Amino acid sequence: MHELSVTESVLEIACKHAEQARAKKVTDIYLVIGKLSSIVDDSVQFYWDFISKGTICEEATLHFKRIPAEMVCLDCNHNYTLEDELTPCPQCGSARIRVVAGDEFNLESIEVQR
Amino acid sequence: MSENRIKIVEKILDANDRLANSNRQRFNEVGVYSINLMASPGAGKTSFILKTIEGLMADGVQIGVIEGDTAPVTIDSDKINAAGMPAIQINTGGECHLDAVMLENAIDQMDLSPLDLVIVENVGNLICPAAFALGTHSNVLVASIPEGDDKPYKYPNIYRGLDVLIINKTDLLPYIDFNMDYFRQGVEMLNPGLTTFAVSCKTGEGMDPWLEWLKGRISK
Ligand SMILES: Nc1nc2c(ncn2[C@@H]2O[C@H](COP(=O)(O)OP(=O)(O)OP(=O)(O)O)[C@@H](O)[C@H]2O)c(=O)[nH]1
Ligand SMILES: [Mg+2]
Ligand SMILES: [Zn+2]
Ligand SMILES: [Zn+2]
């Protein structure tokens, strides 16, 4: 995935909300990332250190919360968690499945100093 | 939660999504149907666009093409122009996908009013384009036989966001070990009931059902 554009968006959103709250500094940023959104934490961190320099978010710590990939079978309603590989319903073998969770890609909150 | 914790809950790519919506609006205002055509490099995106132009020629359908490439080349847009249709080339400057901002710039440069259909050829890549909505009416992927039958398993995200799947280069099936059942089972798990057309851009086989589908979408 394209970590640079993603990291720039994180910075933009965090700065916007921090300024609205008249914060002096952002110390922590909490991200929620589903396992299915192919984001590499290390590269986001890498870009972050560069692009946050000189902004209100400089030196803020990034926290990544990973959400597992949760599927539901459309034939038997069975819920299951995907490990690494895409697998059919373990209960009935159907390939008609849908993602319930694991798609998240959100900035959930920030911690600021006023 | 401390008072210094500010709750946000915003989608990280929200800005892109908002701009994508405004692109959609612009297509709707002029009654143009739009397609985001994605694929890995060399799967046959440009060949498929050319075959589509050819197949709709008799109906007088006007097609504008937006070509995304990571390098400043006009190879693909020259082919479109040679087929008699207008093309805009976007050079992403090394970026491996198109986003809604780049599409907005391209449609600023294109006269949409005489067009019935716009096809955007995304950068050849199965990863990033899946995450960046452009605002087109449909997402179409060209998967080709020589890429192998395991691609849905390896690049699940792009399959999940599709409206139409094109399986190209079917003329090569006799020469390549490609298990169609395995491929289709992967697709089914990611996108149950996905509209799929198997074609060969070389022989033209299988193009008609796709052209019929497309004609049904274009408001004349
Ligand atoms: N045998 C065969 N070859 C095909 C078919 N469709 C395309 N090709 C060939 O595949 C190669 C790549 O086709 P393009 O249409 O340029 O592919 P593309 O996806 O636009 O490539 P990029 O824009 O570079 O990512 C060319 O040599 C085409 O002639 C097909 O159905 N059968
Ligand atoms: Mg091409
Ligand atoms: Zn089941
Ligand atoms: Zn990219």
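Just so it is clear, the model here is predicted, and its values are computed rather than measured.

J.: When you look at the coordination of the magnesium ion (ligand 2) in this model, what are you seeing that I'm missing?
T.: Geometry reference: four tetrahedral donors at a metal, ideal angle 109.5 degrees. Six octahedral donors, ideal angles 90 or 180 degrees. All names here are of chain B. At this site the magnesium ion (ligand 2) is bound by Thr46 (OG1), Asp76 (OD) and Glu121 (OE), with donor distances of 2.1 to 2.2 Å. Spacing between the donor residues of the magnesium ion (ligand 2) along their common chain follows T-x29-D-x44-E. Of this pair, Thr46 sits in helix 2 (residues 45-56) while Glu121 sits in strand 5 (residues 117-121); the two residues are 75 residues apart in sequence, bridging distant segments of the chain. Residues Thr46 and Glu121 agree in their burial class; the two are buried.

J.: Would you explain the coordination of the zinc ion (ligand 3) in this entry?
T.: Residues and elements named next belong to chain A. Here the zinc ion (ligand 3) is held by the protein donor atoms Cys73 (SG), Cys76 (SG), Cys89 (SG) and Cys92 (SG), which lie 2.3 to 2.4 Å from it. Bound by four donor atoms, the zinc ion (ligand 3) shows angles of 106 to 113° at the metal and therefore tetrahedral coordination geometry. Between consecutive donors of the zinc ion (ligand 3), the numbers of intervening residues give the motif C-x2-C-x12-C-x2-C.

J.: Hey, could you run me through the sheet that holds strand 2 (residues 61-67) of chain A in this one?
T.: In a beta sheet, neighbouring strands pair by backbone hydrogen bonds and run either parallel or antiparallel. Here four strands make up an open sheet; going across it, the order is 2(A)-1(A)-6(A)-1(B) and the pairing mixed. The open sheet has two edge strands with one neighbour each: strand 2 of chain A together with strand 1 (5-11) of chain B. Each adjacent strand pair in this sheet contributes to an overall mean axis angle of 20°, direction not counted. Judged from the seven bridges that link them, strand 1 (residues 25-34) of chain A and strand 2 of chain A form a sheet pairing that is parallel. Pairing of Ile29 of chain A across the sheet is with Leu62 of chain A, part of strand 2 of chain A.

J.: Before we go on, may I ask you to explain unusual backbone geometry in this structure?
T.: It is generally the case that most residues other than glycine have a negative phi and that most peptide bonds are trans. For Arg22 of chain A, which is not glycine, the phi dihedral falls at a positive 50°. Among the secondary structure elements, Arg22 of chain A is positioned in the loop between helix 1 (3-20) and strand 1. We note that Lys169 of chain B has phi near 65°; this positive angle belongs to a residue other than glycine. Following the sequence through the fold, Lys169 of chain B ends up in the loop between strand 7 (164-168) and helix 7 (180-190). Overall, the relative accessible area of 22% leaves Lys169 of chain B in the partly exposed class.

J.: Just checking my understanding: could you explain the packing of aromatic side chains for this structure?
T.: Scanning all chains against the criterion turns up eight aromatic pairs over all chains. Between the aromatic rings of Phe46 of chain A and Tyr47 of chain A, the centroid separation amounts to 5.5 Å while the plane-to-plane angle is 70°, which identifies the pairing as edge-to-face. For Tyr47 of chain A, a relative accessible area of 29% corresponds to the partly exposed category. An angle of 70° between the planes, with centres 6.0 Å apart, marks the rings of Phe197 of chain B and Trp210 of chain B as edge-to-face. With a gap of 13 residues between them, Phe197 of chain B in strand 8 (residues 195-198) and Trp210 of chain B in helix 8 (residues 207-217) connect regions that are remote in the sequence. Comparing Phe197 of chain B with Trp210 of chain B, the two get one shared label, buried.

Rules used throughout
- Residues numbered from 1 in each chain as written.
- Chains lettered and ligands numbered in written order.
- Predicted model: local features only at pLDDT ≥ 70, side-chain atom pairs only at ≥ 80, totals over all residues.
- Heavy atoms only, no water.
- Donors = N, O, S within 2.8 Å, 3.2 Å for Na, K, Ca; no water.
- Helix = DSSP H or I, 4+ residues; strand = E, 2+ residues; numbered from the N terminus.
- Buried < 20%, exposed > 50% of the residue type's maximum accessible area, 1.4 Å probe, protein only.
- Tetrahedral: all angles 85-135°; square planar, octahedral: opposite > 155°, others 65-115°.
- Pairing = 2+ DSSP bridges.
- Axes fitted to C-alpha atoms, helices over the stretch in contact; angles between N-to-C directions.
- Phe/Tyr/Trp six-rings, centres within 6.5 Å; stacked < 30°, edge-to-face > 60°.

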